Amino acid sequence: MKFLHLEDDDADAELFQMLLRREWPECRIKRIWSLAEFEAALRLEDYQLILSDHSMVGFDGLKALEIARVSSPDTPFIFLSGTIGEERAIAALKKGAVDYVLKSSPARLVSAVRGALGDAERETARRRAEESLRKNREQFQQISENIDNFIVLLDAYGHCLYANPAFYRLHESSSQSSAKTIFDHVHREDATAFQCIFREVVQTGQSWNIEYRLPRPGGQVSSIEAHVSRLQHRGSETPSFLLTGRDITERKQAEQVLLEQASLLGNARDAILLFDLEFVIRQWNASAERIFARAASQAIRQDIRKLLFSSQLNRFDAAFALTMAHGEWHGDFHLSQPDGRDIIVETSWSLVNDPAGRPKSVLCISTDVTSRKQLELKLQRAQRLDALGMLAGGIAHDLNNILSPILMSVGLLRPLAQDEDHRLVLDTLETSATHGAELVQQILLFARGEEGKRAKIRISELLDELKSVLKTAVRQKIDLTVEHSGNLWPVSADATQMKQVLLNLCMNSRDAMPNGGSIRISAANVLAAAGDLHCFHGEVPPGAYVRLSVTDNGTGIPPELLEKIFDPFFTTKDVGKGTGLGLSTIAGIVRSHEGYIQVESIVGQGTSFRIYLPSGENNGVESVAPPSSSFLDGHGEFILIIDDDEGIRYVTERILKAHGYEVFVAIDGQSGLDLFVRLQDRIQLVICDQMMPGLKGAEVLTRIEKEHPDVKLIAMSGFLEDHSADDARIGTSVVRLTKPLRTEVLLRTIRQLLDGAVPVAASQEVSRA
């Protein structure tokens, strides 16, 4: 503690300081004796007690008391005086001194100081309590006046003792005099129940929650949610009653809307369900019963993770975490149904909060999108096939450009062959180039759905021709048997495509027998009556068919995979060992021939594919005659060759010159057009490639045809079909030839054009190649 002591007598100062330090050894005492020192001390420090002599040189204790009451009003002030009269003592106490001690009775100093310090401490505590009470009242007033909930203090009879502004705003009144009791604010139909509850609170002290209606101007009604409780004041036998509440009209209206909407949920097409944060299902509508194949009684109160998502718990947990974090989630689930079906549901999750804003449950709205997803998958496959068709078209163009010089060179070299060995080499070269062209055609047949040229053929002759090739392809440890009767009916078919069907089926059988086995190929005539045959694509119509069978004793196909084996890109082989295109290509070829496929397989015993091709003596397709081997030479006619491929230009030029034609060549469309303009009076026929950089062949031929209709035109292309907008501009008088083509086909077409004949046979020949 710090004491301030005003005393001009050294002896008296020493005596009183000794008494104080004896009682409070740690105290600090500052002694002063002038007015200036006193004022400075009060400015610089705070003191717990001021002791002052009544009479000092220069000023007296009453003056010091006046200064202390202004500078430090809470500090107790005690006079120490040798001679102080009763009147002076009374005057000092009136001015604010707490006590006085006569210097003749110094022993009373300690008790006076202790009493003064105690009084000061109690006064400080009282002021602090009053300040705290004042702040609490201000805080309560601020809270009461600014919250949306109303607060009303009532007596035991329901009279309003206090109400906050929210109450008056809600009840549209400016003072409590607007009603005699709180019951006058309640809708008459709810007033009796409200009074009963209030009396119960008055009598028992038990708190109650209540909802009631509040009449509003214009005949409207508000819904009120309230809580009433008893307050017992300390030191008072008369309790008061607290009524707090809020307007819940909007919530009630929302609940009514939800109830109305809930009546519609049963008719909703989507599955609508609700589960709480413990994953317990609380709601389950009729569409949920239909989509998830579970009745509401089997689902409600069940754990949704176990009921629906046991096979996808990780995905469910991730979706739940995202819903809790962001309030919503959208995604797909692949689910297995109790009836064995697999479905795909597109679902939207939304977090539902309670009135306090705390997460309460999750609302799930799910749509069965299985059919749509399957259609999307088919569309994606179709798009992949379209992309494959575009790629195959580009590859076909390049490969046909490569094969054209080879195939035409055979015709150029054949007259030069001097012995049988040379002729065999040329035959092999021609066969290989032709086979390459057929492979390119098969790629386009699958990728673009192009139909090949059909002729009337006999399957027996095709099997005899293919037998040696098949035996070589299926390995030595597999026993291959080919059987057929000699009187098989003819069928209208593309021989190359039928060979591809047989080769693919035999390759599949070979792969199903890694340790060896047997393959049996047979063909027979079949007369089918209505309902006799049921195949992969449905019932076989009655009629005459040639049945082509390929049977093995391999591993077989599991029943669950039989319906998928003809899907594009479906394969059970390891990555890099199968494309999944073989059987789908076979199915496409058979369908294009109006045929049917029958598949039977037993796991561990083998598989049998049976193909039914319709038979008839005349199916609307004429047999294609083999190309003539006679070359028709030229008579010095002038021919212009326009092609960007150097090999094709060179070989074509050599062939035409060797057969009596005068030839000019151009490396692109523009130079070819310029050359034609210079030599237009001499050139009788133009051979132009379709696909060239810069000026396309179609535009070159169109210009020539328009200005010189007497000039014969041949359009050559490495593509097997012609669908582009540029190609469509070419007139009907232009003959189209597809690369690669044999020398005799080119020569015959040229000769027929120059002689005025229509080269139909040439077009068919080229298409077969």
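Everything numeric here is computed off the predicted structure, so don't read it as measured data.

A.B. asks: I'd like a description of the overall build of the protein chain, backed by residues and values.
C.D. replies: Summing up its helical and strand segments, the protein chain has 23 helices and 29 strands in all. Taken over 769 residues, the protein chain has a buried fraction of 43%. Partitioning the contacts of the protein chain with sequence separation of at least 6, the portion at a separation of at least 24 is 61%. Looking at the protein chain as shown, the accessible area adds up to about 41,300 Å², and 51% of this sits on carbon and sulfur atoms.

A.B. asks: Can you explain a nonpolar patch on the surface? Please cite residues and give values.
C.D. replies: Among the surface-exposed residues, I395, L399, I402, I406 and L429 lie close enough to one another that they form a single nonpolar patch of about 380 Å² accessible area. Broken down by element, the residue count for the nonpolar patch peaks at 4 residues, all from helix 13 (residues 370-413). As for its placement among the helices and strands, L429 is situated in helix 14 (residues 420-448). Look at L429 and you get partly exposed, because its relative accessible area is 35%.

A.B. asks: Lay out the nonpolar core in plain terms, naming residues and giving numbers.
C.D. replies: Note that soluble globular proteins tend to have their nonpolar side chains buried in a common cluster. Counting residues in hydrophobic clusters, the biggest one holds 41 residues, and the most contacted among them are I459, I521 and I597. The element best represented in this core is helix 16 (residues 495-511), accounting for 6 residues. Among the nonpolar cores identified, the runner-up in size contains 27 residues, and F279, A299, F320 and W349 belong to it.

A.B. asks: Please give an account of the sheet that holds strand 1 (residues 2-6) that cites residues and values.
C.D. replies: With parallel pairing, the 5 strands of this open sheet are ordered in space as 2-1-3-4-5. Each having just a single partner strand, strand 2 (28-32) and strand 5 (99-102) make up the two edges of the open sheet. Each adjacent strand pair in this sheet contributes to an overall mean axis angle of 20°, direction not counted. In this fold helix 3 (residues 61-71) packs onto strand 1, strand 3 (49-53) and strand 4 (77-81), with an angle of close to 170° to the strand it touches most, strand 4.

A.B. asks: Could you give an account of unusual backbone geometry, naming the residues involved and the relevant values?
C.D. replies: In this chain, K739 is followed by P740 through a cis amide linkage whose omega measures -10°. Examined against the element boundaries, P740 turns out to sit in the loop between strand 29 (735-738) and helix 22 (743-754). Residues other than glycine seldom take positive phi values, yet F279 does so here, at roughly 70°. You can see F279 is positioned in the loop between strand 11 (271-276) and strand 12 (281-284). Judged by relative accessible area, F279 falls into the buried class, the value being 18%. In this model, R301 sits at a positive phi of 75°, which is unusual for a non-glycine residue. Looking at the element boundaries, R301 is found in the loop between helix 10 (296-299) and helix 11 (304-307).

A.B. asks: Help me get a handle on the environment of L403, residues and values and all.
C.D. replies: With respect to the element layout, L403 can be found in helix 13. Using a relative accessible area of 13% as the deciding quantity, one classes L403 as buried. As for L403 and G436, which are separated by 33 residues in sequence, their C-alpha atoms are 7.6 Å apart. Setting aside chain neighbours within four positions, we find L403 in contact with A433, G436, A437 and P740.

A.B. asks: An account of the pairing of strand 25 (residues 638-642) is needed here, citing residue identities and associated values.
C.D. replies: Among the 5 residues that make up strand 25, 4 are buried, leaving the element largely enclosed by the rest of the structure. Here 5 bridges tie strand 25 to strand 26 (residues 662-666), and the two strands are oriented parallel to one another. Opposite I642, over in strand 26, you have A666 as the bridge partner. Between strand 25 and its parallel partner strand 26, the chain crosses via helix 19 (residues 646-658), and the hand of that crossover is right-handed. Here strand 25 pairs with strand 27 (residues 683-689) via 5 bridges, running parallel. Bridge assignment links I641 to a residue of strand 27, and that residue is I687.

A.B. asks: Hey, could you go over the packing of helix 19 against helix 22 for me, with residue numbers and the actual values?
C.D. replies: Their axes nearest at 11 Å, the elements helix 19 and helix 22 cross at an angle of 60°. Considering the angle they form, helix 19 stands oblique to helix 22. The way helix 19 lies across helix 22 gives a crossing that is right-handed. Only T743, L746, L747 and I750 of helix 22 make contact with helix 19, whose side of the interface consists of T652, I655 and L656. In terms of residue class, the contact of helix 19 with helix 22 is built from 5 nonpolar, 2 polar and no charged.

A.B. asks: Give me the lowdown on the packing of aromatic side chains, citing residues and values where you can.
C.D. replies: Pairs of aromatic rings are described using the distance from one ring centre to the other and the angle between the two planes. Enumeration over the complete set of coordinates arrives at 24 aromatic pairs. Ring centres 5.8 Å apart and planes at 70° place the aromatic pair F183 and F194 in the edge-to-face group. Here the residue F183 occupies a position in the loop between helix 6 (165-171) and helix 7 (188-204), and F194 occupies one in helix 7, the gap between them amounting to 11 residues. Side by side, F183 and F194 carry an identical accessibility label, which is buried. Ring centres 6.4 Å apart and planes at 35° place the aromatic pair F275 and F320 in the tilted group. On the criterion of sequence distance, the pair formed by F275 in strand 11 and F320 in helix 12 (residues 313-326) is long-range, its members being 45 residues apart. Considered together, F275 and F320 belong to a single accessibility category, that of buried residues. Members of the aromatic cluster, joined through ring pairs, are F275, F279, F309, F316, F320, W329, F333 and W349.

A.B. asks: Please set out the pairing of strand 6 (residues 150-154) residue by residue, giving values where relevant.
C.D. replies: Of all 5 residues in strand 6, 4 are buried; the element is thus mostly enclosed. Of the pairings in the sheet, the one linking strand 6 to strand 10 (residues 240-247) comprises 5 bridges and is antiparallel in character. Counted as the bridge partner of L154 is F241 from strand 10. With 3 bridges connecting them, strand 6 and strand 7 (residues 160-163) associate as antiparallel partners. Bridged to V152 within strand 7 is A163. Connecting the antiparallel pair strand 6 and strand 7 is a turn made up of 5 residues, with G158 showing a positive phi of about 90°.

A.B. asks: Account for the confidence of the model for the protein chain, with residues named and values stated.
C.D. replies: Mean pLDDT over the protein chain works out to 81, with 84% of the residues at or above the 70 mark. Note that residues 174-178 has pLDDT below 50 and, in this model, 7 contacts with residues that lie over four places away or in other chains. In the model, residues 575-580 has pLDDT below 50 throughout and makes 8 contacts with residues more than four positions away in sequence or in other chains.

A.B. asks: Explain the sheet that holds strand 24 (residues 606-614) to me, using residue names and the numbers behind them.
C.D. replies: To summarise the sheet geometry, strands pair through backbone hydrogen bonds and adopt either a parallel or an antiparallel arrangement. Strand order in the open sheet formed by 5 strands is 17-19-22-24-23, with mixed pairing between adjacent strands. This sheet does not close on itself; its edge strands, each paired only once, are strand 17 (478-484) and strand 23 (596-602). Taken over all neighbouring pairs, the strand axes of this sheet differ in orientation by 15° on average, direction set aside. Sheet topology note: the strand 19 (residues 517-528)/strand 22 (residues 543-552) ladder contains 10 bridges and is antiparallel. Bridge assignment links S522 to a residue of strand 22, and that residue is S549.

Reading the values: the criteria
- Residues numbered from 1 in each chain as written.
- Predicted model: local features only at pLDDT ≥ 70, side-chain atom pairs only at ≥ 80, totals over all residues.
- Heavy atoms only, no water.
- Helix = DSSP H or I, 4+ residues; strand = E, 2+ residues; numbered from the N terminus.
- Buried < 20%, exposed > 50% of the residue type's maximum accessible area, 1.4 Å probe, protein only.
- Contact = heavy atoms within 4.5 Å.
- Areas by Shrake-Rupley, 256 points an atom, 1.4 Å probe, with all protein chains shown as cover.
- Patch = residues over 30% accessible without salt bridge, like charges linked within 9 Å, V, L, I, M, F, W, Y side chains within 5 Å.
- Salt bridge = Lys/Arg side-chain N within 4 Å of Asp/Glu carboxyl O.
- Core = buried A, V, L, I, M, F, W, Y, C linked by side-chain atoms within 4.5 Å.
- Pairing = 2+ DSSP bridges.
- Axes fitted to C-alpha atoms, helices over the stretch in contact; angles between N-to-C directions.
- Right-handed = clockwise from strand over helix to strand, strands pointing away.
- Parallel < 35°, antiparallel > 145°, perpendicular 65-115°, else oblique.
- Left-handed = near helix turned anticlockwise from the far one by under 90°.
- Nonpolar A, V, L, I, M, F, W, Y, C, P; charged D, E, K, R; others polar.
- Phe/Tyr/Trp six-rings, centres within 6.5 Å; stacked < 30°, edge-to-face > 60°.
- pLDDT = per-residue confidence, 0-100.

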